[in-house]
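Tertiary structure, described
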Amino acid sequence: MPISITRRHLLAGSAAALAMPAFARAQGAVKPRLTAISQWSAGSDGAAITALGKKFEEKGGIWQHSPVPGFTTEMMNKLRAQIIAGDPPACSQLKGPEIAAWSKIAPTVDLDAVVAAAGYEKVVAPDLAKLHKPGGKWIALPLQIYSTNMLFLSKRAMDKAKADKIPVTWADFNDLAEKMKSGGVTYPIANGGTRPDDGQKFEASLAGISPAAYRAAIMNLDKKALEGPEIKAAFAQVRKIADWMDPNVGAQHFSTNLKRFVDGDMGMMIMGGWAQGVLRNAGFKFDDFIIAPGPSDNGKPVFLLNADAFIFWQRKEPDLQAGQTLMAQLVMDPAIQTMYSQITGSIPVRTDVDLSGDGWSEGQRRTAAALKDAIASNQAVLSVAHNMAQENGMTAAMIDVITEYVKNKTIKPEQAVTRLAEAVEGAR
Amino acid sequence: MRDRTFAPSRILIYLIVSLIAAAWLAPLAVVVLNSLRTNQEIAQGSMIGWPQHLAWSNYAAAWSGFCVAETCAGIRPYMLNSALVTIPATIFSTLLGAVAGYAVSLWRFRGDQWIYGIVTLGIFLPQQMRLLPWTIVLRDTGLMNTLTGLVIIHTIQGLSFTVLFCRNYYVAIPQELIRAARIDGAGFFRIFWRIILPLSPPILVVTVIWQFTHIWNEFLYGVTFTTGQQQPVTAALIALSAAVADIPQHGVQSAAVMIAALPTLLIYLIGGKYFVRGLTAGAVK
């Protein structure tokens with residue numbers, strides 16, 4: 001075929017040649033912009049995301065964060081409205097199995113290349129990684145981790161019990177509670193009365209008795225495991241805990257009773273790592289309490305994971321796409337994870353971050369060490385009380401049973417087992 | 001009225017009423033007291049207690065200091081947003097409700113009862129159910145993330161109540177009045193301005209109080225359909241209280257709640273005595 005060059009070809013060719021560098025320049029010169037929605041509007045959460053935004057701007061980006069005040073429901077309403085309006089944010093906060101559920105509603109960004117470039121997958125807990133790549137591809141990135149089963153011990157209550165050993169197993173824990181009780185501690189277990197608070201007592205009990213049973217029953221909803229002996233043992237342990245709690249606490253935030261805990265009127269608290277920051281902000285000192293991983297009957301730490309994350313929604317605008325890449329790089333950056341966790345009191349998602357330096361608390365170091373050990377022994381599992389193990393509907397069904405069991409002491413452990421299995425069946 | 005004898009039954013009544021009032025006012029008292037205590041004072045003591053020294057700084061922080069994410073301007077800009085939504089939406093929904101209520105009660109036409117029924121049906125629709133339809137409307141009109149969008153939503157949704165109120169009030173007005181005016185040559189709007197509106201103050205006060213309070217206190221639409229600087233005061237209040245992993249800022253929260261409640265409180269104080277009068281007007285013929 002003879003090659004004939006017409007004038008039109010020449011014109012088109014030269015136009016393209018002229019346009020090429022301009023196009024490339026436009027691509028390079030596009031200023032990364034990020035529209036983000038989250039529910040982090042106040043307190044240390046608000047401060048941390050503000051600091052992240054500053055870093056984004058330092059890297060030359062335009063940071064457009066819209067906080068949605070309230071709780072998850074409000075944020076999801078907003079997200080749904082924006083998706084339907086055809087204007088999803090470039091990224092939004094979302095966590096747990098909701099990432100998989102929402103990824104079916106609108107197209108998400110494939111982050112595999114950025115994640116691979118950062119070598120991120122090797123340093124994330126496997127169960128956590130799975131949540132963020134529901135279809136086999138990374139579409140969301142975890143940002144920070146809390147453990148929901150940390151054990152806080154009141155120094156004054158320990159003195160009253162004449163005890164100095166940190167309990168490791170549930171038997172140790174129960175012994176210490178008895179000693180506290182006879183030593184004059186009115187309520188050996190400090191409690192709030194919210195649903196997650198009750199839920200944490202159950203998940204800590206079950207995971208401490210058998211992480212394998214926890215994974216099978218709560219995370220995989222295996223019918224046999226749900227009716228197994230470990231669940232009954234966990235409910236029995238929860239009943240013991242409930243008997244040591246103040247029954248006159250209604251649906252209160254756990255922080256309401258922090259003074260009673262520090263004073264030694266309440267002895268031990270099973271709470272997320274965030275309670276350290278709350279204690280500090282309330283004006284209490286680290287000398288007032290000890291923090292350790294929650295009880296584990298096989299002696300190796302059990303870690304109930306609660307991780308906040310960002311999901312990335314597909315956008316056509318080049319500046320938003322550039323913003324998404326920049327944001328993903330920042331979220332995975334060890335320095336950024338360090339900064340973020342130091343503000344909120346959580347620990348970094350990356351297990352290779354060194355926590356020995358200044359700016360980290362003893363509690364955070366212990367939490368990070370517990371996570372490493374738990375991953376090594378396959379005992380890092382996902383928290384159900386904080387919406388990590390199941391989608392919201394299933395979580396609600398389970399917590400209904402648990403919270404009623406905590407408050408209504410006429411329900412027997414074996415009845416609770418049946419109820420839990422039935423609730424799961426009904427919510428499936 | 002000048003009965004000064006204290007019969008035992010009367011003392012008992014006063015006692016019961018005082019007890020009920022005390023129970024009713026106790027939460028308010030806790031909020032007022034906590035608005036004057038520092039966070040540490042509350043955390044290191046109890047939620048209920050006298051302020052050790054008056055922490056007026058809570059009010060300053062609530063008004064113009066605390067941060068909602070990147071913006072540290074306190075409650076002030078959000079109060080303005082709420083006013084910009086609430087005032088027009090209250091006026092429009094009240095006026096439209098009066099005209100519509102007048103039309104369906106005094107101008108009988110084919111299907112008037114149907115129209116009235118359908119409009120008031122809106123009362124029974126849960127807010128959540130209306131969220132998606134409104135999303136689509138705002139998307140198509142390009143009013144997403146604007147205060148104008150909120151004004152339109154609240155005006156239209158308010159009609160369910162305002163039409164109900166006004167219609168029930170206007171049915172008590174004798175038809176003869178309208179007929180006489182029509183014989184004199186007055187049309188629909190002339191009768192409305194000259195006869196109906198002058199008779200309306202009691203019910204208009206009711207609808208204004210009702211609408212103002214509802215729109216001012218509304219949260220779901222405010223938080224879903226606006227972002228950042230555009231949000232109403234309820235969103236800012238929730239932002240203050242929703243820090244899960246942090247110690248609740250009880251002192252600043254209480255002060256912010258007190259400030260945010262002031263406009264509705266004022267509306268009640270000014271219009272309160274008309275409120276019950278207007279609500280019961282037409283109830284007994």
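The following paragraphs examine the structure supplied in this document. No experiment lies behind these values; they were computed from the predicted model shown.

The subject of this paragraph is the overall build of chain B. The secondary structure content of chain B amounts to 13 helices and zero strands. The N-to-C order of helical and strand elements in chain B reads α-α-α-α-α-α-α-α-α-α-α-α-α. C-alpha atoms of chain B, sized along the principal axes, occupy 75 × 70 × 30 Å. Sorting the 285 residues of chain B into buried and exposed places 43% on the buried side. The contacts of chain B with a sequence gap of at least 6 include a subset with a gap of at least 24, amounting to 70%. Between the mean site of the 17 positive side-chain charges and the mean site of the 9 negative ones, chain B shows a separation of 13 Å.

This part is about unusual backbone geometry. Residue and element names in this part refer to chain A. Here K162, not a glycine, exhibits a phi torsion of approximately 50°, which is positive. Here K162 lies in the loop between α7 (155–160) and α8 (170–182). With a phi close to 60°, N378 is a non-glycine residue in the positive phi region. With respect to the helices, strands and loops of the structure, N378 is situated in the loop between α17 (362–376) and β10 (380–382).

What follows concerns the environment of B:V151. Residue and element names in this part refer to chain B. For V151, the position within the fold is in helix α7 (residues 147–170). Taking C-alpha positions, V151 is 9.6 Å from S93, a pair spaced 58 residues apart along the chain. Apart from the residues lying within four places of it in its own chain, the contact partners of V151 are L84, V85, P88, A89 and F92.

Here the focus is the interface of chain B and chain A. Each partner contributes residues to the interface: chain B has 35 residues there, and chain A has 35 residues. Taking both sides of the interface into account, the surface hidden between chain B and chain A amounts to around 3,000 Å²; carbon and sulfur atoms contribute 60%. Taken together, chain B and chain A are joined by zero salt bridges. At the boundary of chain B with chain A, the tally comes to six residue pairs in polar contact (both at pLDDT 80 or more). Every element with two or more residues in the side of chain B that touches chain A is listed here: α2 (39–44), α6 (127–141), α11 (220–225) and α12 (233–241) of chain B. Of the residues forming the side of chain B that touches chain A, the biggest block, six residues, is contributed by α6(B).

Here we come to the pattern of salt bridges. Scanning all chains against the criterion turns up 25 salt bridges over all chains. A salt bridge links A:D265 to A:R260; its shortest N-O distance comes to 3.2 Å.

To continue, consider the side chain of A:E74. Structurally, the position occupied by A:E74 is in helix α3 (residues 72–84). Here A:E74 is buried and forms no salt bridge, its nearest opposite-charge partner A:R80 lying at an N-O distance of 11 Å. If sequence neighbours within four positions are ignored, A:E74 has contacts with A:V68, A:P69, B:F219 and B:V223.

As a further point, take the side chain of B:T227. Looking at where B:T227 falls in the secondary structure, it is placed in the loop between α11 and α12. When its relative accessible area of 16% is taken as the criterion, B:T227 is described as buried.

Scoring rules and cut-offs
Residues numbered from 1 in each chain as written. Chains lettered and ligands numbered in written order. Predicted model: local features only at pLDDT ≥ 70, side-chain atom pairs only at ≥ 80, totals over all residues. Heavy atoms only, no water. Helix = DSSP H or I, 4+ residues; strand = E, 2+ residues; numbered from the N terminus. Buried < 20%, exposed > 50% of the residue type's maximum accessible area, 1.4 Å probe, protein only. Contact = heavy atoms within 4.5 Å. Lys, Arg positive; Asp, Glu negative; His and termini not counted. Charge placed at Lys NZ, Arg CZ, Asp CG, Glu CD. Buried area = accessible area lost by both parts, 1.4 Å probe. Salt bridge = Lys/Arg side-chain N within 4 Å of Asp/Glu carboxyl O. Polar contact = N/O pair within 3.5 Å; in protein donor to acceptor, adjacent residues only side chain to side chain.

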